[in-house]
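Reading the structure
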Amino acid sequence: GQSLEQPSEVTAVEGAIVQINCTYQTSGFYGLSWYQQHDGGAPTFLSYNALDGLEETGRFSSFLSRSDSYGYLLLQELQMKDSASYFCAVRDNAGNNRKLIWGLGTSLAVNP
Amino acid sequence: DAGVIQSPRHEVTEMGQEVTLRCKPISGHNSLFWYRQTMMRGLELLIYFNNNVPIDDSGMPEDRFSAKMPNASFSTLKIQPSEPRDSAVYFCASSQDTGPTNEQFFGPGTRLTVL
């Protein structure tokens, strides 16, 4: 079957750096995405990796290693507002089907 | 743009009743997704439309669920009859195929409670 694995919970303190890992087993691979969801809110897009390496967007970076079927989201200079759930998602089909396979999410708690 | 619009935002109904959830995607987006989110099962894709045509409905749980997209600016998800286990947050999302990132834009969701 197809699956994405990520830790269920991570705790960190303000100003720290945290890394959320995601490993995937899918029939195909056409990109790894990360989404953020605050309690009571909707998922919002953070980043996308189609090729190996690191993509940086402000305090957030995302990494991909296709040979290891692995990626991570790196959050630096953590702020209280970063407390949220973070989902990794993979597109497994290059054709007309653009659905994503989703992980179960990682709940990040940032403490003062 | 107003983003993806969903209605109602909250729905409380009794078991056996019909429930209809509505979604207006972002103008110009040609892919539309219906998701269900619960604590136990996380975010589940129910059905995906591309250019108003259902492409993948493998996530639709059973015949009680149906979805339509009569035009590019409107979609509905119907549950008939509803059951307590259908209680969840239902999200609609849209995306534009020409984008390189496959970014999906989510609506605010409909919180459904079936008593």
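As a reminder, the structure under discussion sits directly above these lines.
Quick look at the structure, then.

Conventions adopted
- Residues numbered from 1 in each chain as written.
- Chains lettered and ligands numbered in written order.
- Predicted model: local features only at pLDDT ≥ 70, side-chain atom pairs only at ≥ 80, totals over all residues.
- Heavy atoms only, no water.
- Contact = heavy atoms within 4.5 Å.
- Buried area = accessible area lost by both parts, 1.4 Å probe.
- Salt bridge = Lys/Arg side-chain N within 4 Å of Asp/Glu carboxyl O.
- Polar contact = N/O pair within 3.5 Å; in protein donor to acceptor, adjacent residues only side chain to side chain.
- Helix = DSSP H or I, 4+ residues; strand = E, 2+ residues; numbered from the N terminus.
- Pairing = 2+ DSSP bridges.
- Axes fitted to C-alpha atoms, helices over the stretch in contact; angles between N-to-C directions.
- Buried < 20%, exposed > 50% of the residue type's maximum accessible area, 1.4 Å probe, protein only.

**Points about the interface of chain A and chain B**
Many descriptions give the size of an interface as the accessible area lost when the pieces come together. Of the residues lining the interface, 18 residues belong to chain A; the matching set on chain B comes to 24 residues. Interface area for chain A against chain B, summed over the two sides, is near 1,800 Å², with a carbon-plus-sulfur share of 52%. Applying the counting rule to chain A against chain B returns two salt bridges. For Asp56(B), the salt bridge goes to Lys99(A), with nearest N and O atoms at 2.9 Å. On the surface where chain A and chain B come into contact, there are eight residue pairs in polar contact (both at pLDDT 80 or more). Ranked by the residues each element gives to the side of chain A that touches chain B, the list is headed by strand β4 (residues 32-37) of chain A, at three residues.

**Here we look at the sheet that holds strand β8 (residues 70-75) of chain A**
Residues and elements named next belong to chain A. Strand order in the open sheet made by the five strands is β1-β3-β8-β7-β6, with antiparallel pairing throughout. A single partner strand is all that each edge strand has here, and the edge strands are β1 (3-5) and β6 (53-57). The mean angle between the axes of side-by-side strands here comes to 20°, regardless of whether they run parallel or antiparallel. By the bridge criterion, six bridges tie strand β7 (residues 60-65) to β8 in an arrangement that is antiparallel. If you follow serine 61 over to β8, its bridge partner there is leucine 74.

**Brief notes about the pattern of salt bridges**
Counted under the stated rule, the structure contains twelve salt bridges over all chains. Between Asp97(B) and Arg98(A) there is a salt bridge, with the nearest N and O atoms lying 3.3 Å from each other. On the criterion of chain membership, the pair formed by Asp97(B) in the loop between β9 (88-95) and β10 (105-106) and Arg98(A) in the loop between β9 (84-91) and β10 (100-102) is interchain, its members lying in two chains. For Asp97(B), a relative accessible area of 16% translates into the label buried. Looking at Arg98(A), the relative accessible area reads 17%, which means it is buried. The shortest N-O distance in the salt bridge between Glu44(B) and Arg36(B) comes to 3.1 Å. Taken together, the shared-partner salt bridges in this structure form one network comprising Glu62(B), Arg64(B), Glu83(B), Arg85(B) and Asp86(B).

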